[in-house]
Amino acid sequence: MMISVQEAQGIILKGIKVLGPEVVKLENALGRALAEDVYSNSDIPSFDNSAMDGYAIRAEDVRGSSRQSPKALEVIGDIKAGDVPKKTVKGGQAMRIMTGAPVPRGADAVVMVEETEKPETRVQKPELVKIFKEVEKGENIRKAGEDIKRGECVFQKGARLTSAHIGLLASLGQAEVKVAKRPTVAVLATGDELIDVDEKARPGKIRSSNTYTLLGEAASCGAIPKNLGIAKDDPGELAKKIRKGLGCDILLTSGGVSVGDYDLVKDVLAGIGTDIKFWKIAMRPGKPLAFGTIKDTLVFGLPGNPVSSMVSFELFVRPAILKMLGQNDDKGEVDAVIGEDIEKKAGIRYFLRAITRWDNGNFVTNTTGPQGSGILKSMALANSLIVLPEEVEKAEKGDKVKVRFL
Ligand code: AMP
Ligand code: MG
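Student: Can you lay out the layout of surface pockets for me, pointing to particular residues and giving the numbers?
Tutor: Of the voids in this model, the largest pocket is the one considered here, and its volume is about 500 Å³. Around the largest pocket, the lining comprises 33 residues; the ones closest to its centre are Pro303, Gly304, Asn305, Pro306 and Ser308. Counting residues per element, the ones that place at least two in the lining of the largest pocket are strand E16 (206–207), helix H3 (209–220), helix H6 (306–324) and strand E25 (349–359). It is E25 that provides the largest number of residues to the lining of the largest pocket, a total of four residues. Here the residues of the lining of the largest pocket are counted per class, giving eleven nonpolar, 15 polar and seven charged. Taken domain by domain, the lining of the largest pocket gets at least three of its residues from each of domain 1 (2–17 + 182–324) and domain 4 (334–405). Roughly 290 Å³ of volume is contained in the second largest pocket. Lining of the second largest pocket is provided by 16 residues; of these, Gly15, Ile16, Thr293, Asp296 and Leu298 occupy positions nearest its centre. At three residues, the largest contribution of residues to the lining of the second largest pocket is made by helix H1 (residues 5–14). Within the lining of the second largest pocket, the residues separate by chemical class into seven nonpolar, three polar and six charged.

Here is the structure:
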């Protein structure tokens, strides 16, 4: 039975749960999903500090200051970043202060150094500084807690950690962070014609590129890839090698799922106890795709054609991995103007490899050229997929279409 892309996605995602948590060092947390809400145990910044190099003063002392009639204040000391100021700024006084240094008691504003002038020589006592500008109370001061308040929920469970998130966690003193475990994804290529990348070319044989595209895709989604190598089109060997992937969260096979005489994967999967939920999807490329579960492992029998297996991964495996990681597949689709005519069969969803770019206020999209499902180059050139839905029968140059970026 052939089902739609959406139905297939629904069936796959339905049973998936987020994997359990693990604690990782902050420097290993990039791209991981938080397994718990994070609350701040301190204010950020933790003390009032200067946003400028300048002078910490009392705003009322420079009321009415201007270039023409500057006020002069007595400089009673210096505060560098990292210092703890001991003096109090009293009426008529100022302290020289550097960006990030704590604001001293008594001061309620900072005048930036560009708005001041100090006397020619520092030996003159008392040292005076001329202030050329009025300032508001609080001006150029970063208040304690203005970024984050103690006790505040900083990030929610499921947030995908970027370097900015990691920086904030570092500010909070979190050397470790609790994240969802990474799923393990085993990849088994199948086919009598396959040799591995380091084997000598032989007549009739091709190198298993799917092994490497799929391992790469799994890693790029944040999973831990595991290479199970190549299995011949032989039921015994297939069953043996497929079993090696059953400790993993996800097992991907490639090839052997269409209707050829040597397409044995579906039957072998069923034979070892896989509960197969579907095996044909109304899409191009990628029509054959056997999906099922065996114990706790999700099994995807991906098609053998290099483009089909990658597009199927993008649409079905990627969302599954992300869900295990506690994340959403939030890519979505954008509108674009197509630059060529496309003929299409109704009832099937098409995914054309395309180059989409922003041009004069719209996205404009063009296919990468020949779209045969064996042409891996079409995928390597593409930055996106043009998505033509089931009901559409053609697209004409200038039509608006949906595009999914890769
Ligand atoms: P199959 O579905 O097994 O008939 O495979 C369909 C097409 O994909 C055939 O032309 C295969 O040679 C090719 N193919 C299958 N597996 C791989 C692989 N691992 N790497 C590259 N091409 C493959
Ligand atoms: Mg085959």
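Student: Explain the pairing of strand E26 (residues 362–367) to me, using residue names and the numbers behind them.
Tutor: Judged from the two bridges that link them, strand E23 (residues 334–338) and E26 form a sheet pairing that is parallel. Looking across to E26, one finds that Ile338 is bridged to Thr365. Where E25 and E26 come together, six bridges link them in antiparallel fashion. Of the residues in E26, the one forming a bridge with Asp359 is Asn362. Between the end of E25 and the start of E26, which pair antiparallel, lie two residues, with Asn360 showing a positive phi angle near 55°.

Rules of the game
Residues numbered from 1 in each chain as written. Chains lettered and ligands numbered in written order. Predicted model: local features only at pLDDT ≥ 70, side-chain atom pairs only at ≥ 80, totals over all residues. Heavy atoms only, no water. 1 Å grid on protein atoms, 1.4 Å probe; cavity = no way out; pocket = protein on both sides within 12 Å on 5 of 7 lines; lining within 4 Å. Points joined across faces, edges and corners; volume = space filled by probe spheres on them. Helix = DSSP H or I, 4+ residues; strand = E, 2+ residues; numbered from the N terminus. Nonpolar A, V, L, I, M, F, W, Y, C, P; charged D, E, K, R; others polar. Domains from an automatic or database assignment. Pairing = 2+ DSSP bridges.

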